[in-house]
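Fold and contact review
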Amino acid sequence: MEYITQIVLLVISTALIHNYVLYYFVGICPFLGVSKRVDMAFGMGMAVTFVMTVASLLSWLFTYYILRPGAPLPTWVWGMVGGDPKTVIDLRILSYLIYIFVIASSVQFVEMYVKRFFPPLYKSFGIFLPLITTNCAILFACLEILKNVTAVPKAQIWQVDKALVLAVSAGLGFTIAIVLMAGIREELELCDVPKSMRGAAIAMIIAGLMAMAFMGFAGVDTGLAKALAG
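Residues numbered from 1 in each chain as written. Predicted model: local features only at pLDDT ≥ 70, side-chain atom pairs only at ≥ 80, totals over all residues. Heavy atoms only, no water.

1. Re the packing of aromatic side chains
Evaluation of the coordinates by the stated rule reveals 11 aromatic pairs. Plain terms: the ring middles of tyrosine 20 and phenylalanine 140 are 5.0 Å apart, the flat faces sit at 80° to each other, and that makes the pair edge-to-face. Placement of the pair is tyrosine 20 in the loop between α1 (2-17) and α2 (28-33) and phenylalanine 140 in helix α7 (residues 136-150), with a sequence separation of 120 residues. For tyrosine 20, a relative accessible area of 4% gives the class buried. Between tryptophan 60 and tyrosine 64, the ring centres sit 4.8 Å apart and the planes meet at 15°, which makes this aromatic pair stacked. Linking tryptophan 60 with tyrosine 64, this pair stays in helix α3 (residues 38-67), spanning four residues, or about one helical turn. Across the pair, tyrosine 64 and tryptophan 60 agree in class, each one buried. (Phe/Tyr/Trp six-rings, centres within 6.5 Å; stacked < 30°, edge-to-face > 60°. Helix = DSSP H or I, 4+ residues; strand = E, 2+ residues; numbered from the N terminus. Buried < 20%, exposed > 50% of the residue type's maximum accessible area, 1.4 Å probe, protein only.)

In structure tokens form, the structure reads like this:
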């Protein structure tokens, strides 16, 4: 029961309370650039979720088995070359380089898949699909995994299940945010928006209002944890 509670709280916290777009303000480029139509926004949300899941899985594998202090693979290699067995190998300095490579590879796979099977969706994305590579929300998820694998006590180190739950939940939260934004912007096309507020200006105001609205979820995880514990 405790494990299920942790997973549920992680999902709610990542998708709603600490929404990557509306709480941490990462992933803003596609959030504003591909939120003019709901169908485009939903497609982008699914693409980001898939890339984030694949990248998080690979990032956890690299972090757990290679990057973290005392990781098994570099420790084994160090022993094979005759190194001091008491030396702790720490390769976290390579984390950004590896994560960016992993994200770029995942985006390339998604781009080829969408281009092959969904040509209209590929054309509607335009430059924003390859720009998923620079979507800081995905890198942020990888860094969250790094933190929960290398900067916590040994008993609290995340296994692959929590890394995947974090990725899917973060992607779901991104999808919710961008679809809501697209729905509002579609309705705005029927409104008489002042000329000086059209485009990016009104979009930024809407994003700020959405962020304030999502602040209403604060404390939900604490209340739910107490309810489940009781």
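Next, the rest of the story.
2. Remarks on the pattern of salt bridges
Going through the model one piece at a time under the given rule, you end up with three salt bridges. Between arginine 37 and aspartate 39 there is a salt bridge, and its shortest N-O distance comes to 3.2 Å. For arginine 37, a relative accessible area of 39% corresponds to the partly exposed category. (Salt bridge = Lys/Arg side-chain N within 4 Å of Asp/Glu carboxyl O.)

3. Considering the nonpolar core
In terms of nonpolar packing, the biggest core is built from 54 residues, with Leu22, Phe31, Met44, Met52, Ile132 and Ile138 touching the most fellow members. At the level of secondary structure, the elements contributing two or more residues to this core comprise α1, α3, α5 (95-117), α7, α8 (160-188) and α9 (200-214). Element by element, the count of residues in this core is highest for α3, at 11 residues. (Core = buried A, V, L, I, M, F, W, Y, C linked by side-chain atoms within 4.5 Å.)

4. Quick notes on the environment of threonine 53
Note on placement: threonine 53 falls in helix α3. Separated by 114 residues in the primary sequence, threonine 53 and alanine 167 have C-alpha atoms spaced 5.0 Å apart. Excluding anything up to four places from it in sequence, threonine 53 contacts Leu164, Ala167 and Val168. At 2.8 Å, the side chain of threonine 53 forms a polar contact with the backbone oxygen of threonine 49. (Contact = heavy atoms within 4.5 Å. Polar contact = N/O pair within 3.5 Å; in protein donor to acceptor, adjacent residues only side chain to side chain.)

5. Things to note about the layout of surface pockets
Taken as a whole, the largest pocket encloses approximately 330 Å³ of empty space. Along its surface, the largest pocket is lined by 15 residues, and Leu10, Ser13, Thr14, His18 and Trp158 are the ones closest to its centre. Sorting the residues of the lining of the largest pocket by element identifies α1, α7 and α8 as the ones contributing at least two each. When residues of the lining of the largest pocket are assigned to their parent elements, the largest contribution, five residues, is made by α1. By residue class, the composition of the lining of the largest pocket is seven nonpolar, five polar and three charged. (1 Å grid on protein atoms, 1.4 Å probe; cavity = no way out; pocket = protein on both sides within 12 Å on 5 of 7 lines; lining within 4 Å. Points joined across faces, edges and corners; volume = space filled by probe spheres on them. Nonpolar A, V, L, I, M, F, W, Y, C, P; charged D, E, K, R; others polar.)

6. Brief notes about the packing of α8 against α9
α9 packs onto α8 with a crossing angle of 130° between their chain directions and a minimal axis gap of 11 Å. As summarised for this structure, α8 and α9 are arranged oblique, according to the angle between their axes. Note on packing geometry: the crossing formed by α8 with α9 is right-handed. Residue-level inspection shows Ile176, Ala177, Leu180, Met181, Ile184, Arg185 and Leu188 of α8 in contact with α9, the latter providing Ile202, Ala203, Ile206, Ala207, Met210 and Phe214. (Axes fitted to C-alpha atoms, helices over the stretch in contact; angles between N-to-C directions. Parallel < 35°, antiparallel > 145°, perpendicular 65-115°, else oblique. Left-handed = near helix turned anticlockwise from the far one by under 90°.)

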